[in-house]
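Given next are the chains, with one letter for each unit.
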Amino acid sequence: LQLVESGGALVPPGGSLRLSCAASGYTLDYYAIGWFRQAPGKEREGISCIGSDYGRNYVDSVKGRFIISRQNAKNTAYLQMNNLTPEDTGIYYCALLVSCTSGHYYTRADFGPWGPGTQVTVSS
């Protein structure tokens, strides 16, 4: 089960972007979806997720600025990113999660390989 990310760009500090995460060949309806970020020189980390019940979680660093959503009819999830800072720079990935209730971003055993990600660069 794979996902493909898109929507990354170069934006100035304070700008906004909306990332997309699309599935093909299967339906996303029953899966929890997570967004991950890999900043330069750092490990990939989970930053937000949405469950099949539309429950949402965010890490503190993006809470209040990012909004995760899903549109099952389009088999796509989104990450609306507002008030971007240089610390948001990185490659953004999405993945299928075991759940979005534990606060842990464990990927499902049947997810993979990871998509290419989408580059977000926040710079003036």
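Note: the structure precedes this text.
Because the structure is predicted, anything quoted here is derived from the model rather than measured.

1. Examining the overall build of the chain
Next, step 1: Helix and strand counts for the chain stand at zero helices and ten strands.
Next, step 2: In sequence order, the secondary structure elements of the chain are arranged as β-β-β-β-β-β-β-β-β-β.
Next, step 3: Scaling as 2.2 N^0.38, a compact globule of 124 residues should have a C-alpha radius of gyration of about 14 Å, and the chain matches this with 13 Å.
Next, step 4: Seen through its principal axes, the chain has C-alpha atoms that stretch 40 × 30 × 25 Å.
Next, step 5: Evaluated residue by residue, the chain yields a buried proportion of 45% over its 124 residues.
Next, step 6: Contacts in the chain between residues at least 24 apart in sequence constitute 60% of all its contacts with a sequence separation of at least 6.

2. Here's the deal with unusual backbone geometry
Next, step 1: Cis geometry marks the peptide bond from glycine 112 to proline 113; its omega dihedral reads -10°.
Next, step 2: With respect to the helices, strands and loops of the structure, proline 113 is situated in the loop between strand E9 (90–97) and strand E10 (118–122).
Next, step 3: For tyrosine 54, which is not glycine, the phi torsion reads 70° and is therefore positive.
Next, step 4: With respect to the helices, strands and loops of the structure, tyrosine 54 is situated in the loop between strand E5 (44–50) and strand E6 (56–58).
Next, step 5: You can call tyrosine 54 partly exposed: its relative accessible area is 35%.
Next, step 6: Here asparagine 75, not a glycine, exhibits a phi torsion of approximately 55°, which is positive.

Reading the values: rules and limits
- Residues numbered from 1 in each chain as written.
- Predicted model: local features only at pLDDT ≥ 70, side-chain atom pairs only at ≥ 80, totals over all residues.
- Heavy atoms only, no water.
- Helix = DSSP H or I, 4+ residues; strand = E, 2+ residues; numbered from the N terminus.
- Rg over C-alpha atoms; globule rule 2.2 N^0.38 Å.
- Buried < 20%, exposed > 50% of the residue type's maximum accessible area, 1.4 Å probe, protein only.
- Contact = heavy atoms within 4.5 Å.

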